[in-house]
Amino acid sequence: MSKVWFVTGSSRGLGRCFVEAALAHGDRVAATARGVDALEELTATYGDDVLPLAMDVTDKAAVFAAVERAREHFGRLDVIVNNAGYAQVGAVEELSEQELRDQMETNLFGAVWVIQAALPTLREQRSGHIIQLSSAAGLIAMPLGGAYHASKWALEGLNEALAGEVAEFGVKVTIIEPGGFATRAGQNPDPLNNGHMAQPDPAYDALRRRLGAIAGKQPAGDPAAAAQTLIEIVSMAEPPLRVLFGQGFYPMIQQAYADRLKVWADWQDLSAQAQGNLSGASR
């Protein structure tokens, strides 16, 4: 049975690849982007199987209207892909209030609006699959990425909680955690040169140079392969809650989690001290 997809951030990158793979698979797609001109090629190729929708995920009313239009047009919703987002780069001290708010409005609140708009339909159907694009940056953190990490770590917790809330309605949740993918003219994206840079403070110039020397050196993944993998995931009866897309960051994530466990274990005396003596607590 073919599925109906609702995909945010469909104009380029992984989002565009997901849309094209779903359509080629015989599914139908409501493809959203801030401007529908970028989606004209899809409609020319796939006709009525694709519904192009102009939508900015930071506009809550527009999100709810777009989701409702997609449901009315196709009669149902099966796969919700929260893909829209970007990376704000800058040291925590460098971030302006507006830059931090904009990062959270797009990456976090935009995803929440889509989920809230789609869930009544999914609950009524007692079926559906919410796909959340997170990142390896939602699992580990590096200097100059504080705003981006904050948004992605928030999405990790939000969607893990969501999975427990909607399972009884037959709705599944999968958090996709990509590493670097060659979505820009075949190049591995450089997180330090992505157009969303805070005003630099010279105090962090040396750090920027050190990170710049190693940025973008992870092997780039193939977006087409990622899209086909997502097709496989949404076909599973029991899909994973989390899955890394690409292997380049796996050793780093293993080490990061091992380090966290070791630190907690090493400081158990302070943990016990913080608990206090409860022997005199009221019964």
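Quick note: structure is the one above.
Here is a short report on the structure shown in this document.

Calculation criteria
- Residues numbered from 1 in each chain as written.
- Predicted model: local features only at pLDDT ≥ 70, side-chain atom pairs only at ≥ 80, totals over all residues.
- Heavy atoms only, no water.
- Helix = DSSP H or I, 4+ residues; strand = E, 2+ residues; numbered from the N terminus.
- Rg over C-alpha atoms; globule rule 2.2 N^0.38 Å.
- Buried < 20%, exposed > 50% of the residue type's maximum accessible area, 1.4 Å probe, protein only.
- Contact = heavy atoms within 4.5 Å.
- Patch = residues over 30% accessible without salt bridge, like charges linked within 9 Å, V, L, I, M, F, W, Y side chains within 5 Å.
- Areas by Shrake-Rupley, 256 points an atom, 1.4 Å probe, with all protein chains shown as cover.
- Salt bridge = Lys/Arg side-chain N within 4 Å of Asp/Glu carboxyl O.
- Pairing = 2+ DSSP bridges.
- Axes fitted to C-alpha atoms, helices over the stretch in contact; angles between N-to-C directions.
- Core = buried A, V, L, I, M, F, W, Y, C linked by side-chain atoms within 4.5 Å.
- Right-handed = clockwise from strand over helix to strand, strands pointing away.
- 1 Å grid on protein atoms, 1.4 Å probe; cavity = no way out; pocket = protein on both sides within 12 Å on 5 of 7 lines; lining within 4 Å.
- Points joined across faces, edges and corners; volume = space filled by probe spheres on them.
- Nonpolar A, V, L, I, M, F, W, Y, C, P; charged D, E, K, R; others polar.

## Here's the deal with the overall build of the protein chain
In terms of helices and strands, the protein chain carries nine helices and seven strands. Relative to the globule expectation of 19 Å for 283 residues, the C-alpha radius of gyration of the protein chain, 21 Å, shows essentially globular dimensions. The dimensions of the protein chain, computed from C-alpha atoms along their principal axes, are 65 × 55 × 35 Å. Here the protein chain, with 283 residues, has 42% of them falling under the buried criterion. In the protein chain, the proportion of contacts linking residues at least 24 apart, taken out of those at least 6 apart, comes to 68%.

## Considerations on a nonpolar patch on the surface
Taken together, V263, W267 and L270 make up a surface patch of nonpolar side chains, about 300 Å² in accessible area. Residue placement: L270 occurs in helix α9 (residues 268-275).

## Examining the sheet that holds strand β2 (residues 28-33)
Read from one edge to the other, the open sheet built from seven strands follows the order β3-β2-β1-β4-β5-β6-β7, with strand pairing classed as parallel. At either margin of the open sheet sits one strand with a lone partner, and together these are β3 (50-54) and β7 (242-245). On average, each strand axis in the sheet is inclined to that of its neighbour by 20°, with strand direction left out of account. Relative to β3, β2 runs parallel, the two being bridged by five bridges.

## Examining the nonpolar core
Counting 32 residues, the largest nonpolar core has F6, I80, L119 and I130 as its most contacted members. When residues in this core are grouped by element, the largest group, eleven residues, is from helix α4 (residues 97-125). Residues in contact with L119, not counting those within four places in the same chain, are I130, L162, V166 and V171. In terms of nonpolar packing, the next biggest core, distinct from the first, is built from 27 residues, A22, A33, A227 and V234 among them.

## Quick notes on the pairing of strand β1 (residues 4-7)
The two faces of the sheet receive side chains in turn, since in a regular strand these alternate between them. Neither face of β1 is open: one carries V4 and F6, the other W5 and V7, and all of them are buried. Examined bridge by bridge, β1 and β2 share four bridges and lie parallel to one another. From the neighbouring strand, V4 faces β2, where its bridge partner is R28. The parallel pair β1 and β2, bridged by helix α1 (residues 13-24), forms a crossover whose chirality is right-handed. Both β1 and strand β4 (residues 79-82) contribute to a ladder of three bridges, which runs parallel. In the strand pairing of β4, F6 is matched with I80.

## Description of empty space enclosed by the protein
What the rule picks out here adds up to one cavity of 30 Å³ or more. Put simply, the largest cavity is a space of about 60 Å³. Lining the largest cavity are 14 residues, and of these A84, T106, N107, A111 and Q132 lie nearest its centre. Counting only elements with at least two residues in the lining of the largest cavity, the list comes to α4, β5 (128-133) and α5 (146-166). Ranked by residue count, the leading element in the lining of the largest cavity is α4, at four residues. Here the lining of the largest cavity is composed, by residue class, of five nonpolar, eight polar and one charged.

## Observations concerning the side chain of S134
Considering the arrangement of structural elements, one finds S134 in the loop between β5 and α5. Using a relative accessible area of 4% as the deciding quantity, one classes S134 as buried. Setting aside its immediate chain neighbours within four residues, S134 contacts K152, E156, I175, I176, E177 and P178.

## Considering the pattern of salt bridges
For the structure on display, the rule yields ten salt bridges. With a shortest N-O distance of 3.4 Å, R242 and E177 are connected by a salt bridge. Here E177 lies in strand β6 (residues 171-178) and R242 lies in strand β7, a separation of 65 residues in the sequence. In this structure E177 comes out as buried when scored by relative accessible area, which is 3%. For D205, the salt bridge goes to R208, with nearest N and O atoms at 3.1 Å. Here D205 and its partner R208 are both found in helix α6 (residues 205-214), three residues apart, which amounts to about one turn of the helix. The exposure class assigned to D205 is partly exposed, which follows from its relative accessible area of 29%. On the accessibility criterion, R208 (17% relative accessible area) is buried. Because the salt bridges share partners, they merge into one network encompassing E156, E160, E177 and R242.

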